[in-house]
Amino acid sequence: MARVAGVSVATVSRALRGLDRVSPQTRQRVLEVAEELHYVASPTATSLVSGRTRVVAVVAPFLSRWYFATLVSAIEKELRAHDHHAILFDLEDDTYSSRLPLTQNMLWKRVDGVITLDVAMTPDEVALVDRLGLPLVAIGAPVPGRTCVRIDDHATMRTAVEHLIGLGHELIGYIGDVPEDVAHIRAPRDRLDAFVETMRAAGLDVVEEWVLGSDWTAQSAATGSTAVLSGEPRPTAVVAASDEMAIGVRETARRLGLRVPEDLSIIGIDDFVLSDVLGLSTVRQDVAAQGRTAASLVLGALGSGEPPETDDVVMPTRLVVRESTGPAPGVS
């Protein structure tokens, strides 16, 4: 390229990297020659010189769930728009109650920053990221001393439960409980706590048998809700910690001959991709916006050389009422 452009190798390097001490005319000539010769810089060589990979690690407990897939898609698009890319680390293990650890081999000299997706980081993992000097932004589960982009899970669940109470429901079930050893994802515990608090604040009983466990899939919720919905007494409404579980509960209700919402009201959280089509009431969160925000914060840190400020970025949620919720039986 230097020979064709009639300049030195150093001038070509400065022109391609956008550095000073290159005249506009020379820079334009170098760029034209680069295009003529189909020149593409080697990412590996560039990273060796600059010490930067232009890659951000995205760490998730699962990648098969809609929520995490939506976050990854939004993050990748935002990074790509700024000439960065994502490398995905799926920490899913053989069982729902455990995950793989984040290790130095995953991160060292491979990434410039880290975004965690609702991963409760261990002290050793936080120390590793600190030791490597990587800016980190969390989505969902906070990481001590780092910026977190999240919704208010307590307020979101409270909105869902209060919607049902406002319709006259007093016999309300819940699905989305997880075993105590599932400590690597935060939302399940926060949402269950908020359900219990909201019910008790309204003077309503939390029926232990109506608090149902699930792995947060529609299939698991459909199976797990069968006994409660076919028994007597049964709840007149169910709040699900996610729309995917709400869809599973709704299909079980219909299979058992229960009318939705005349016999059973159902509400979820998320505004899942099929929720509008299926007429599911929900509390909407903008998952893609959370991903874009986290990516922008990491990019900002990489541009400034400073880690993001330890701010708590709380994204809004809103109630979306559709056909799956209605007045409690006997309430006009």
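See the structure shown above.
Participant: Got a sec to walk through the packing of aromatic side chains? Specific residues and values, please.
Facilitator: Scanning the entire structure with this criterion turns up 4 aromatic pairs. Between Trp-66 and Phe-272 the ring centres are 5.4 Å apart and the planes differ by 85°, which places this aromatic pair in the edge-to-face class. A residue pair is termed long-range when its members are at least 10 positions apart, and Trp-66 in helix α5 (residues 66-80) and Phe-272 in the loop between β9 (265-270) and β10 (281-285) qualify at 206 residues. Considered together, Trp-66 and Phe-272 belong to a single accessibility category, that of buried residues. Centroid distance Tyr-67 to Phe-68: 5.0 Å. Interplanar angle 80°. Geometry classified as edge-to-face. Tyr-67 sits in the buried class, given a relative accessible area of 15%. Its relative accessible area of 6% is what places Phe-68 among the buried residues.

Participant: Talk me through the pattern of salt bridges; I want residue IDs and the actual numbers.
Facilitator: Summed over the entire model, instances satisfying the criterion amount to 10 salt bridges. With a shortest N-O distance of 3.7 Å, Asp-177 and Arg-189 are connected by a salt bridge. Placement of the pair is Asp-177 in strand β6 (residues 172-177) and Arg-189 in helix α9 (residues 187-201), with a sequence separation of 12 residues. Between Glu-251 and Arg-250 there is a salt bridge, and its shortest N-O distance comes to 3.0 Å.

Participant: Outline the environment of Leu-319, listing residues and values.
Facilitator: When you line up the elements, Leu-319 lands in strand β12 (residues 317-320). Owing to a relative accessible area of 34%, Leu-319 belongs among the partly exposed residues under this scheme. Not counting the four nearest positions on each side in its chain, Leu-319 is found in contact with Thr-159, His-163, Ile-267, Thr-282 and Val-283.

Participant: Any details on the sheet that holds strand β3 (residues 113-117)? Residues and values, ideally.
Facilitator: The 6 strands are arranged β2-β1-β3-β4-β5-β11 in an open sheet whose pairing can be described as parallel. If you trace the sheet from one side to the other, it starts and ends with β2 (85-90) and β11 (312-315), each paired once. Across the sheet, the mean angle from the axis of one strand to that of its neighbour is 20°, orientation sign disregarded. For β3 and strand β4 (residues 136-139), the ladder comprises 4 bridges, and the chain directions are parallel. Looking across to β4, one finds that Ile-115 is bridged to Val-137. Contacts between α5 and the sheet are confined to β1 (55-60), β2, β3 and β4, with β2 contributing the most and set at about 155° to the helix.

Participant: Got a sec to walk through the pairing of strand β5 (residues 147-151)? Specific residues and values, please.
Facilitator: The buried fraction of β5 amounts to 4 of the 5 residues, a majority that puts the element mostly inside the structure. Two strands pair when backbone bridges link them, and β4 and β5 are joined in this way by 3 bridges, in the parallel orientation. For Ile-139, the partnering residue across the bridge sits in β5 and is Val-149. As paired strands, β5 and β11 are joined by 4 bridges and run parallel to one another.

Participant: An account of the sheet that holds β9 is needed here, citing residue identities and associated values.
Facilitator: With respect to topology, 6 strands assemble into an open sheet ordered β7-β6-β8-β9-β10-β12, the strand pairing being mixed. Of all the strands in the sheet, the pair left with one neighbour each is β7 (211-213) and β12. Each adjacent strand pair in this sheet contributes to an overall mean axis angle of 20°, direction not counted. In the packing of α9 onto the sheet, contacts are made with β6, β7, β8 (237-240), β9 and β10, and the angle to β6 comes to roughly 165°.

Calculation criteria
- Residues numbered from 1 in each chain as written.
- Predicted model: local features only at pLDDT ≥ 70, side-chain atom pairs only at ≥ 80, totals over all residues.
- Heavy atoms only, no water.
- Phe/Tyr/Trp six-rings, centres within 6.5 Å; stacked < 30°, edge-to-face > 60°.
- Helix = DSSP H or I, 4+ residues; strand = E, 2+ residues; numbered from the N terminus.
- Buried < 20%, exposed > 50% of the residue type's maximum accessible area, 1.4 Å probe, protein only.
- Salt bridge = Lys/Arg side-chain N within 4 Å of Asp/Glu carboxyl O.
- Contact = heavy atoms within 4.5 Å.
- Pairing = 2+ DSSP bridges.
- Axes fitted to C-alpha atoms, helices over the stretch in contact; angles between N-to-C directions.

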